[in-house]
Amino acid sequence: MADSTRDLERTEISKRLGALPVVKKVLEKLRIREIVDRHCPIREGVADYTHGQMVEILIANRLTAPHPLYRFDLWAEEFAVTELFKVDPAKLNDDRLGRTLDAIACCIDEIQMEIAIDAVRCYGLSLEQAHLDITSFMFEGVYGNDDPAYPEVKRGYNANGDFKRKQVRTGQAVLKDGNVPIYHKVFDGNRTDSNTLMQVFEGLEFLRAHAKPKEMVHVGDSKLLAAGNMLFLLNRGVLFVAPGERGKGLATQLMDLKEEDWIELPYASESEILKRKKAPIEEWNRYWCQETPATITDPESGQTFQYRRLTIRSSDEIRASRKNRERQMQKAEEELKKVANGIGRYYKTEQQVDKKVSSILEARRVTDYFKVTVGTREDRPYVEWSQDSVAIAQAEKISGCYQLLTNLPDKRTANEVLTIQKDQYRVEQRFENWKGPLEVCPIFLHSNRRIAALLLVTAQALMVFSLIEREVRRELGDKDGYAIGFIGERRKSRPTGTTILYVLRVVAALITSGEPKIDRVLNIPPLVRRCLLYTSDAADE
């Protein structure tokens, strides 16, 4: 009778599983719990769970329900967190998670470098090419920069031009292999790009010393080689590819180039290759190059280094530059006609006319393309203008041009150098993931210590996100990573971390109440089954 009563009391409940089995498998391969617990141990009997367990929970949350850090217990009750991670949802309160952030803040670099080394080893990641860049994370609410040992939240420059909001600056290094983020560093909100990238580079050097790749090329934007950074890299024998800074000297160098010396490069992006199947050759984006050797001398040691200067010219940029120049010149002429018609009524003196004309040309950035005369005739000011054909021809000659600087050996062709630089989108794409699918920004924490720790957690979540994407592309995709089923109408696409997590969202688990184990997994269509098969142990479980 007692057994029958117990059987009646046993009921099956359904919980969301989603991508949790996939995430759990990657966390185990990276040994994140073990690494965190070794650097941040807790005394036995003081806490129910270790800091390593809490970091796993934080990462799993970011990848399955990335909302502000609030009421983790509700998320854990909705998902099969107890069954997979052996954690009681009632224990996941704000204080417990906050203590974990405080603990891991003390050893951010040690934790992330050990995880990075494990990622390279377990997944066979190639270090041959790393892309570096800087972004900003914005903040809301009241907070305190109460710990001087950690980056301070301050107003500073950002790509959005939003100088009113507080931020921290974050540098990141992303590998070409799988677009996997491998290292990050957080800085004060008012730090400049050129000052920060070298510290990101130093983290990569630590990784390179352990992994010992045959070659590692560092790729960045123009800040990578600014403010003495080039000498820093050359002195250490570090390979780099980055655009040169634009300045007045660049225009002079471009004017000295001979038209007959341009050599066309075969580079074409994937989208360009598809466009060329239908578009006429006049609409193709073609590239030309002229290469010249260059040198730089270290003022301290007197040593002279050689590097390569590649001037690249793009037909798309030529057309865009010409179109913009013509549009701005047309608008400037329309405004100049209004000034001429307003003389005597709105502009009564030569100085007023001259000031207005100058402001129009400067605002439109076409001062060099017009010959303008402002004067007085019969006690009445006048303005006359014409287009400067010589200046326009010079602008056309140097339009669409930029320089790439590199110390790669000569056996690496100009086309290879351009291809490497074109891969810079990889780090920008991961910044979008960091702020988008993982919903890190804006951040509502109130301690700069915990901010640094949370960015460590989300950086590791981004690594897990990227590794899942890499594995699915390798196992389910063709040689170019394309697979069917991740977007509508059974079209081929490269699975992204976002689409993979979206496909997995339907997976659920049947659990017997009172027994923290999964009885059955539900909602596994063929595509989901294949994802689980190659990225987790869910099929066995």
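That block above? That's the structure.
Residues numbered from 1 in each chain as written. Predicted model: local features only at pLDDT ≥ 70, side-chain atom pairs only at ≥ 80, totals over all residues. Heavy atoms only, no water.

### Considerations on the overall build of the chain
Threshold: Note on conventions: DSSP H or I runs of at least 4 residues are helices, E runs of at least 2 residues are strands, and numbering of each starts at the N terminus. For every residue, the accessible area (1.4 Å probe, protein chains only) is compared with the maximum for its type, and the residue is labelled buried under 20%, exposed over 50%, or partly exposed between those bounds. By the convention used here, residues are in contact when the closest approach between their heavy atoms is within 4.5 Å. Here the Shrake-Rupley method, with its probe set to 1.4 Å, supplies the accessible areas, and only the displayed protein chains count as covering residues.
Scanning the chain for helices and strands turns up 20 helices and 16 strands. Classification of the 541 residues of the chain by burial places 50% in the buried group. Within the chain, residue pairs in contact and separated by at least 24 positions form 68% of the contacts whose partners lie at least 6 positions apart. When the accessible area of the chain is evaluated, it comes to approximately 27,200 Å², of which 49% is carbon and sulfur surface.

### Regarding the packing of helix α13 (residues 315-341) against helix α15 (residues 389-398)
What counts, and what does not: Every axis in this analysis is a line fitted to C-alpha atoms, fitted for helices over the stretch in contact. Angles between the N-to-C directions lie between 0 and 180 degrees. An angle below 35 degrees is treated as roughly parallel, one above 145 as roughly antiparallel, one from 65 to 115 as roughly perpendicular, and anything else as oblique.
The N-to-C vectors of α13 and α15 enclose an angle of 150°; their axes lie 9 Å apart at closest approach. Considered as vectors, α13 and α15 are oriented roughly antiparallel to each other. Residues Ile318, Arg322, Arg325 and Met329 of α13 touch α15, and the partners they reach there are Ile392, Ala395 and Glu396.

### Some remarks on the sheet that holds strand β12 (residues 401-406)
What counts here: In this description, strands pair whenever DSSP reports at least two bridges between them.
If you walk across this open sheet you meet the nine strands as β4-β3-β2-β5-β6-β12-β9-β8-β7, and the pairing is mixed. Strands with a single pairing partner mark the edges of an open sheet, and in this sheet they are β4 (181-187) and β7 (263-265). The mean inter-strand angle of the sheet, taken between neighbouring strand axes irrespective of direction, is 30°.

### Concerning helix α17 (residues 425-435)
Rules: Relevant arc is that of directions from the helix axis to the C-beta atoms, nothing else.
Residues of α17 that are buried: Arg426, Val427, Arg430, Phe431, Asn433 and Trp434. An end-on view of α17 places all buried positions within 160° of arc, on one side of the element. Where α17 is buried, its residues contact β2 (129-138), β3 (167-175), β4, α18 (448-476) and α19 (497-504).

### Remarks on the packing of aromatic side chains
Keep this limit in mind: The criterion for an aromatic pair is that two Phe, Tyr or Trp rings (for Trp, the six-membered ring) have centres within 6.5 Å, with stacked assigned to planes under 30 degrees apart, edge-to-face to planes over 60 apart and tilted to the rest. We call a charge positioned above a ring when the Lys NZ or Arg CZ atom is no farther than 6 Å from the ring centre and deviates by at most 35 degrees from the ring normal.
On inspection of all chains with the given rule, the structure shows six aromatic pairs. Seen in terms of ring centroids, Trp75 and Phe79 are 6.1 Å apart; in terms of plane orientation they differ by 40°. Their pairing is tilted. Since its relative accessible area comes to 6%, Trp75 is described here as buried. Ring geometry for Tyr346 versus Tyr347: centroids 6.5 Å apart, planes at 65°, classification edge-to-face. According to the relative accessible area criterion, Tyr347 is buried, its value standing at 18%. Among the aromatic residues, ring-to-ring pairing joins Phe72, Trp75 and Phe79 into one connected group. Here the basic side chain of Lys29 rests over the ring of Tyr123, its NZ or CZ set 4.1 Å away from the ring centre.

### Some details on empty space enclosed by the protein
The cut-off we apply is this: Cavities and pockets were defined on a 1 Å grid built from protein atoms only: a cavity is a group of points that admits a 1.4 Å probe but offers it no way out, a pocket is an open group of points flanked by protein on both sides within 12 Å along at least five of seven lines, and a lining residue is one with an atom within 4 Å of any such point. Grid points are joined across faces, edges and corners, and a volume is the space filled by probe spheres set on the points. Polar here means any residue outside two lists: the nonpolar Ala, Val, Leu, Ile, Met, Phe, Trp, Tyr, Cys and Pro, and the charged Asp, Glu, Lys and Arg; Gly therefore counts as polar.
Scanning all chains against the criterion turns up three cavities of 30 Å³ or more. Here the largest cavity is characterised by a volume of approximately 60 Å³. Secondary structure elements with two or more residues in the lining of the largest cavity: α8 (108-123), β4 and α18. The biggest single contributor to the lining of the largest cavity is β4, with four residues. Residues that form the lining of the largest cavity fall into these classes: six nonpolar, four polar and no charged.

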